Amino acid sequence: MNDEIRVDPSLTPFFNPQGIALIGASADPNKLGYALARNLVQSNYPGALHFVNPKGGTLLGRKVYTNILEVPEPVDLAILLVPAPSIPGLLRDCGRRGISAAIIGAGGFRETGEAGAALEEECVAIARKYFIRLLGPNCIGIMDTHLPLDATFLPPPPPRPGDVAFISHSGAIMAAVVDWARGQDLGLSHLISLGNQADICETDVLAPLALDIHTRVLTLYLEGVRDGRRFVREAAKVSRVKPIVALKVGRFASGQRAVASHTGALAGRESAFSAAFWRAGVIRAETSEEMFDWARALAWSPLPKGRSIAILTSAGGPGVTAADALEINGMQLADLKPETITRLKEILPAAASFHNPVDMLATATPEQYAACLQAMLADEGVHGALVIIPPLPMQTAGAVAKALIPVIYNSDKPVAITLMGDRLIQEAIEHFRAARIPEYRFPERAASALAILAQRADFLARPTAEPQPLEDVDRELVRRLLQPYLESAIALGNPVSLPAELINQILEAYGVPTLAIRLAKTAQEAVQLAEQVGFPVALKVASSTIAHKSDIGGVLLNLPDAEAVAQGFEVILQNVRQAHPMAEVQGVYVQRMIPPGQEVIVGATQDEQFGALVMFGSGGVEVEALQDVGFALAPISDYEIEHLLQTTWAGRKLNGYRNLPPADRPAVIDVLRRIAQLAADFPQIEEIEINPLRVLETGKGAAALDVRARVRIPSSPTASR
């Protein structure tokens, strides 16, 4: 997979600059231009370093040039730390000077409003004219602890060299992480502040970091992504080589848009991000603490071959806490083999607990900790260990750490350490950090880290086959069917709902099984159509403005004869008039009833950043209440379909449950694949939904009972395409 990762050569000056020019260097210690100059000098950057300021003079023992055009070779990276209005002219000078990369640290651009946005666009245009790559504006800069290079204005010292890279959309977050990492003695390899991303975005820097020999884990603080599908493609390549852990913020800021289906209501930016991250193998953290907890484990630990964990503790309560935490995180307690238990009994006093969790009692010695851990890790049924070290009455945590480290080093299984306390564990913390063994204050965090290692192992074992496009579909027919409605959407300036008969035609063109549906405008027509399709029948109000028909009495089922159909027709219209007097009603649909079965929902919607999303879950009238749904990017692979089925109750239930017989699972898989293909082929279909898809017994198929869809105004191809 490594050979698939390609680094854009134009980015090289940001990761290995031959010479740097700081435009805006200042001799005033109170200005950022001084702080950045100081950091560049103190970081011992090995390349050429030049300062530029119209005042000239000297700074930190170096000549200050009055103009970038005077700066001698080599220089391929300019750092512009001057007021925003001065940036365009200085960029032109950089272009004439032949500089190919620039970091714009100043604010005052898009983040400030329309005038700032126009200034930013001007800078981008100039950069493109002169083939300059831009980082920022409104960013802190970059740091490489191994080169070394500190091209930021943050207070010194920088973090120590390490193996975790941090990419951030927020400069303030990056500043906090740098200070936190110093306090935690966490080594970092690269720090990249992206700022407004006028040019370089989060996706651009993934490949260089993936190929960096010092970086073992990439961490990202994201407020969004610029090009969703490109991010997924690149991240999927990188995550096969090195883990990516992302904290995506702004989860609840987007608000609810108007939707016409359950799928549209349940899908949101976060559903799309979760689906995208899952496909790409990006590990999604919920908190900043999780992101770095997991990064340490991923950087320093081997991956487990399973999810069975042994707990070693000298106190019962923390052991029980750890056992609960493991189960919550999808792990399990290992069943220790008899020979392992025999060995533990040789090591520990008779009062100890020899079954997982193994409680050595408060009198445990460093030697007992080490010998017990060695015995547990030697057990074939143990895939990893969680060791808990509370303050000990007769031993120091530091002594325990020194005894454990050689055992952990000599094992190919992950071990997460829980050091409980504060002052009494400081020596142990230092020992474990120096040995690059992940340690945490509480068992829950250690259990979470072990679960992430198992998740990483699962991802690497996942097949990499891309979804294969379906060929037995009639794309041209669907294109013709949609055309008049797309023209209507253009004329109205709004999305247009499609009639059920048309949706059925579209589904049939893609091989999705449907039940014939006929529109009756009078009770007499309803009776005639019912006699044609065969009793019993269902009646459903035909209205593009009513989304949830059954909620208002707009659906009647199992009508056995002509009299029931005639009466039902009038009842439905009366119910609709009472609930929605202004609703547009085209009539009543007549549809044949089919045998009972399991009901699921299958739908698709379009996301601004990631394109087509397919949804699967529990169907029927309670779909939004249950919210037993999962999303995946479309088109969808067989592996992703299996993931949707395994992670929803609706999917697991297809195998049968209690007195519920197994349903036709292959039929559901086929429908999911076809709906996903339809959504991917036609981004004009804003939402499409089958609710419910009635799934009959194994071998008897499935059928779409109720369908809805609408098309949106055609636009330029989305970034996801």
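Scroll up a little and you will see the structure.
It should be emphasised that the depicted structure is a prediction, and the values quoted were computed from it without experimental measurement.

**With respect to the sheet that holds strand 2 (residues 48-52)**
Strand order in the open sheet formed by seven strands is 3-4-2-1-5-6-7, and the pairing between neighbours is mixed. In this open sheet, the two edge strands, each paired with only one partner strand, are strand 3 (58-59) and strand 7 (133-135). Where strand 1 (residues 19-23) and strand 2 come together, five bridges link them in parallel fashion. From the neighbouring strand, Ile20 faces strand 2, where its bridge partner is Leu49. Those strands touched by helix 3 (residues 87-97) are strand 1, strand 5 (77-80), strand 6 (101-104) and strand 7, and its axis lies near 165 degrees from that of strand 5.

**Here we look at the pattern of salt bridges**
Pairing between side chains of opposite charge can happen when the charged atoms of each approach one another. Inspection of the entire model under this criterion finds 34 salt bridges. The partner of Glu270 in a salt bridge is Arg284, and the shortest N-O contact between them spans 2.2 Å. Of the two residues, Glu270 is situated in helix 9 (residues 269-280) and Arg284 in strand 14 (residues 283-285); the sequence distance between them amounts to 14 residues. The exposure classification of Glu270 matches that of Arg284, with both residues buried. Between Asp670 and Arg674 there is a salt bridge, with the nearest N and O atoms lying 2.9 Å from each other. With a gap of four residues between them, Asp670 and Arg674 both fall in helix 24 (residues 665-681), about one helical turn apart.

**With respect to the side chain of Thr152**
One can find Thr152 in the loop between strand 9 (149-151) and strand 10 (161-168). Residue Thr152 is classed as buried on the basis of its relative accessible area of 0%. A distance of 2.7 Å separates a polar atom in the side chain of Thr152 from a polar atom in the side chain of Asp150. For Thr152, the contacting residues outside a window of four places in its chain are Ala35, Leu36, Asn39, Ile140, Gly141, Ile142, Met143 and Met174.

**Regarding unusual backbone geometry**
Leave glycine aside and you will find that most residues have negative phi; peptide bonds, for their part, are mostly trans. Omega for the bond connecting Pro156 with Pro157 falls within 30 degrees of zero, at 0 degrees, which places this linkage in the cis form. Along the chain, the position of Pro157 falls in the loop between strand 9 and strand 10. With an omega of 5 degrees, the peptide bond between Asn691 and Pro692 qualifies as cis. Within the element layout of this structure, Pro692 appears in strand 29 (residues 685-695). In this model, Arg436 sits at a positive phi of 60 degrees, which is unusual for a non-glycine residue. Here Arg436 lies in the loop between helix 15 (426-434) and strand 20 (439-440). Judged by its relative accessible area of 36%, Arg436 falls in the partly exposed class. The backbone of Asn558 sits at a positive phi, close to 55 degrees, despite the residue not being glycine.

**Looking at the sheet that holds strand 22 (residues 517-520)**
Sheet architecture is open: four strands sit in the order 22-25-23-24, paired in antiparallel fashion. The outermost strands of the open sheet, each flanked by one partner alone, are strand 22 and strand 24 (555-559). Between one strand axis and the next, the sheet turns by 25 degrees as a mean value, whatever way the strands run. Looking at chain direction, strand 23 (residues 537-542) and strand 24 are connected through three bridges and run antiparallel. Residue Val537 lies in a different strand from strand 24, and its bridge partner there is Leu559. Taken strand by strand, helix 19 (residues 523-533) contacts strand 22, strand 23 and strand 25 (587-592), and its axis lies near 160 degrees from that of strand 22. Contacts between helix 20 (residues 562-579) and the sheet are confined to strand 22, strand 23, strand 24 and strand 25, with strand 23 contributing the most and set at about 30 degrees to the helix.

**Observations concerning the packing of helix 12 (residues 338-347) against helix 13 (residues 366-377)**
At their nearest, the axes of helix 12 and helix 13 sit 9 Å apart, and the two run at 170 degrees to each other. With respect to their mutual orientation, helix 12 and helix 13 come out roughly antiparallel. Packed against helix 12, whose contacting residues are Thr340, Arg343, Leu344 and Ile347, the element helix 13 presents Gln368, Ala371, Cys372, Ala375 and Met376 at the interface. Classifying every residue of the contact of helix 12 with helix 13 gives six nonpolar, two polar and one charged.

**What about helix 2 (residues 32-42)?**
Judged by how many residues are buried, helix 2 sits mostly within the fold: eight of 11 residues are covered. For helix 2, the full list of buried residues reads Gly33, Tyr34, Ala35, Leu36, Ala37, Arg38, Asn39 and Leu40. Buried residues in helix 2 make contact with strand 1, strand 2, strand 3, strand 5 and strand 9. Immediately beyond the C-terminal end of helix 2, within one or two residues, lies Asn44, with a positive phi of roughly 65 degrees.

**Topic: the pairing of strand 6**
Every second residue of strand 6 is oriented toward a common face, with Ala101 and Ile103 on one face and Ala102 and Ile104 on the other, all of them buried. With four bridges connecting them, strand 5 and strand 6 associate as parallel partners. Following the sheet pairing, Ile79 is matched in strand 6 by Ile103. After leaving strand 5, the chain enters helix 3 and then returns to the sheet as strand 6, a path that is right-handed. Note that strand 6 and strand 7 share three bridges and pair parallel. Bridge pairing links Ala102 to Leu134 in strand 7. On the question of chirality, the crossover connecting strand 6 to the parallel strand 7 by way of helix 4 (residues 114-129) is right-handed.

How each quantity is defined
- Residues numbered from 1 in each chain as written.
- Predicted model: local features only at pLDDT ≥ 70, side-chain atom pairs only at ≥ 80, totals over all residues.
- Heavy atoms only, no water.
- Pairing = 2+ DSSP bridges.
- Helix = DSSP H or I, 4+ residues; strand = E, 2+ residues; numbered from the N terminus.
- Contact = heavy atoms within 4.5 Å.
- Axes fitted to C-alpha atoms, helices over the stretch in contact; angles between N-to-C directions.
- Salt bridge = Lys/Arg side-chain N within 4 Å of Asp/Glu carboxyl O.
- Buried < 20%, exposed > 50% of the residue type's maximum accessible area, 1.4 Å probe, protein only.
- Polar contact = N/O pair within 3.5 Å; in protein donor to acceptor, adjacent residues only side chain to side chain.
- Parallel < 35°, antiparallel > 145°, perpendicular 65-115°, else oblique.
- Nonpolar A, V, L, I, M, F, W, Y, C, P; charged D, E, K, R; others polar.
- Right-handed = clockwise from strand over helix to strand, strands pointing away.

So yeah, pure geometry; function would need other evidence.
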